[in-house]
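# Examining the three-dimensional arrangement
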Amino acid sequence: MWQPFTEEHEQFRKTVRAFAEKELAPHADEWEADELFPNWVFKRAGELGILGAHFPEEHGGLGQDYWYSAVKAEELPRSKLAGVTMGLLVQSDMATPVIRDLGTKEQIEEFLKPALAGDKIVSLGVSEPAAGSDVAGIRTVARKDGDDYVLNGSKTFITNGTRADFVTLLAKTSPERGAHGCSFFLVPTSTPGFGVSKKLKKIGNKSSDTAELFLEDVRIPKRWLLGEENQGFMYLMQNFQSERLIGCVSALAGAFYALEYSVQYGRDRTAFGKPIIKREVWQHKFVDLYTRAEAAKAFIYKCVDHYNDERYVKKGQVSFDTVKYISMAKVLVGDVVSDVMDTCLQFHGGWGYIEDFPIARAWRDQRLFRIGGGTSETMKYYIAKLMGF
Ligand SMILES: Cc1cc2nc3c(=O)[nH]c(=O)nc-3n(C[C@H](O)[C@H](O)[C@H](O)COP(=O)(O)OP(=O)(O)OC[C@H]3O[C@@H](n4cnc5c(N)ncnc54)[C@H](O)[C@@H]3O)c2cc1C
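Here we summarise the structure given alongside this text. Given the structure is predicted, the values throughout are model-derived calculations rather than measurements.

### Concerning the side chain of T159
- With respect to the element layout, T159 can be found in strand 3 (residues 148-159).
- Since its relative accessible area comes to 13%, T159 is described here as buried.
- Not counting the four nearest positions on each side in its chain, T159 is found in contact with M86, G87, V90, S123, S208 and D209.

Below you can see the structure in the form of structure tokens.
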């Protein structure tokens, strides 16, 4: 099989794995119960280069390729904390790529560098109570007023939202122009008028905080506009590719991890006189799941390779072909991961339903993947459009 990783990537893998298994996993039960992982996790991930490995050195990153990001996303699920994985990936691959691509020198200094160092926590603020899949329907408005913008509206489902220092936020600058009237802003959460209206209670990914936010006459200087006015939707579509791709990598890695510990469980657990993994009915199920997961991994690596080539080697935009493949990957991974987790839970019998076993949490956590960052149905809607149906 194709092996894209160099010795340097593997060295980085060891660092991330040690962080996940030794520094995060021991706290899993506590942070899930608290429904919040502590802020030091961002700082520590920054120190280890986990947040900024694939960002340029002049932005505070390690100046490495996108495969480093994939390595990180493959290893973080070993924390057994999908919520922490999500919180960190928002910081490194969802809320910040757009700053790297469009940020002015001042924006890089003020927002990106501290985010990659883990000194500032960041959220991506796109979804709203009345608009999730249909992003063009957002209602938050940014009105120009002298040298400022004044923002009014609300955001919901915002990861890291209860404690973010700033939000990479999409708002309408020309509401009458729909998708062509959106702009991206960097909004410090300490700005008067900005607040958290609710911390949302979730069925999974509990260690991550998810918030509803309000903006009431939030006044920010024009210099916190990212890129050009009214180009925000186009920037978001590019940014989504990083978000979806890294989500695919980590969700699938979580599934491989669940397969690994489930098979081990099946070696230890006996019924009717032999280990349950020795039953052919289960062996075939696991063979099928491993086959589908390996096929999905090969496809994802292809997507990572395309993304790396277009963004890091050629330093251009993500092509429509790659957008199509990443969207397909998200649907595929959603289905594979869901089947893996469900079968693994069943394989644990009653213990699969008990919180002491990691599969119980993993089964709940994975359900988000077919929704967050674009639902499977929305992905298919875009794929059909891209294929000209
Ligand atoms: C835990 C969690 C964390 C999140 N984190 C963030 C975050 O950090 N930042 C952020 O901005 N957002 C975040 N989200 C929001 C997430 O991206 C949205 O929930 C998602 O995009 C779906 O939007 P929606 O919930 O409004 O569903 P809706 O858009 O209302 O969709 C409802 C249903 O309609 C279907 N549907 C919609 N359009 C179509 C179509 N064209 N064809 C067929 N079916 C369709 C959908 O598939 C879905 O089944 C998060 C969500 C969750 C649950």
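### Things to note about the site of the ligand
- Residues in close proximity to the ligand total 17 residues, the closest being S127, S133, F157, T375 and E377.
- Residue F157 places a main-chain N or O atom 2.7 Å away from a nitrogen atom belonging to the ligand.
- T375 places a side-chain nitrogen or oxygen 2.7 Å from an oxygen atom of the ligand.
- Calculation on the ligand without its partners gives an accessible area of 970 Å², and the protein chains cover 65% of this total.
- Residue assignment for the shell around the ligand shows that the elements contributing at least two residues are strand 3 and helix 12 (376-386).
- It is strand 3 that contributes the most residues to the shell around the ligand, 3 residues altogether.
- Classifying every residue of the shell around the ligand by side-chain character gives 7 nonpolar, 8 polar and 2 charged.

### Quick look at the nonpolar core
- Residues L88, L151, L252 and I300 are the most contacted members of the largest nonpolar core, which totals 113 residues.
- The element best represented in this core is helix 8 (residues 232-268), accounting for 18 residues.

### Structural notes on unusual backbone geometry
- Residues other than glycine seldom take positive phi values, yet N160 does so here, at roughly 70 degrees.
- The topology assignment puts N160 in the loop between strand 3 and strand 4 (166-172).
- Overall, N160 belongs to the buried group, its relative accessible area being 0%.
- Even without glycine at this site, D217 takes up a positive phi of about 50 degrees.
- Mapped onto the elements, D217 comes out in strand 7 (residues 210-221).

### Some remarks on the packing of helix 10 (residues 320-347) against helix 11 (residues 358-366)
- Put simply, helix 10 and helix 11 touch, their axes get as near as 9 Å, and they point 155 degrees apart. As the angle between them shows, helix 10 and helix 11 are arranged roughly antiparallel. Helix 11 is crossed by helix 10, and the crossing has left-handed handedness. Across the interface between the two elements, V337, S338, M341, D342, C344 and L345 of helix 10 pack against I359, A360, A362, W363 and Q366 of helix 11.
- Among the residues forming the contact of helix 10 with helix 11, the class breakdown is 8 nonpolar, 2 polar and 1 charged.

### A word on the environment of L48
- The residue L48 is located in the loop between helix 3 (40-47) and helix 4 (66-75) in this model.
- With 69 residues separating them along the chain, L48 and A117 place their C-alpha atoms 9.0 Å apart.
- The contacts of L48, once residues within four sequence positions are left out, are F12, T15, F19 and E23.

### Topic: the environment of A95
- Positionally, A95 belongs in the loop between helix 5 (82-94) and helix 6 (97-102).
- The exposure class of A95 is buried, given its relative accessible area of 0%.
- For the pair A95 and S123, spaced 28 residues apart in sequence, the C-alpha separation works out to 5.9 Å.
- Setting aside residues up to four positions removed in sequence, A95 forms contacts with V90, V122, S123, L124 and T168.

Rules used in this analysis
- Residues numbered from 1 in each chain as written.
- Predicted model: local features only at pLDDT ≥ 70, side-chain atom pairs only at ≥ 80, totals over all residues.
- Heavy atoms only, no water.
- Helix = DSSP H or I, 4+ residues; strand = E, 2+ residues; numbered from the N terminus.
- Buried < 20%, exposed > 50% of the residue type's maximum accessible area, 1.4 Å probe, protein only.
- Contact = heavy atoms within 4.5 Å.
- Near = heavy atom within 4 Å.
- Polar contact = N/O pair within 3.5 Å; in protein donor to acceptor, adjacent residues only side chain to side chain.
- Areas by Shrake-Rupley, 256 points an atom, 1.4 Å probe, with all protein chains shown as cover.
- Nonpolar A, V, L, I, M, F, W, Y, C, P; charged D, E, K, R; others polar.
- Core = buried A, V, L, I, M, F, W, Y, C linked by side-chain atoms within 4.5 Å.
- Axes fitted to C-alpha atoms, helices over the stretch in contact; angles between N-to-C directions.
- Parallel < 35°, antiparallel > 145°, perpendicular 65-115°, else oblique.
- Left-handed = near helix turned anticlockwise from the far one by under 90°.

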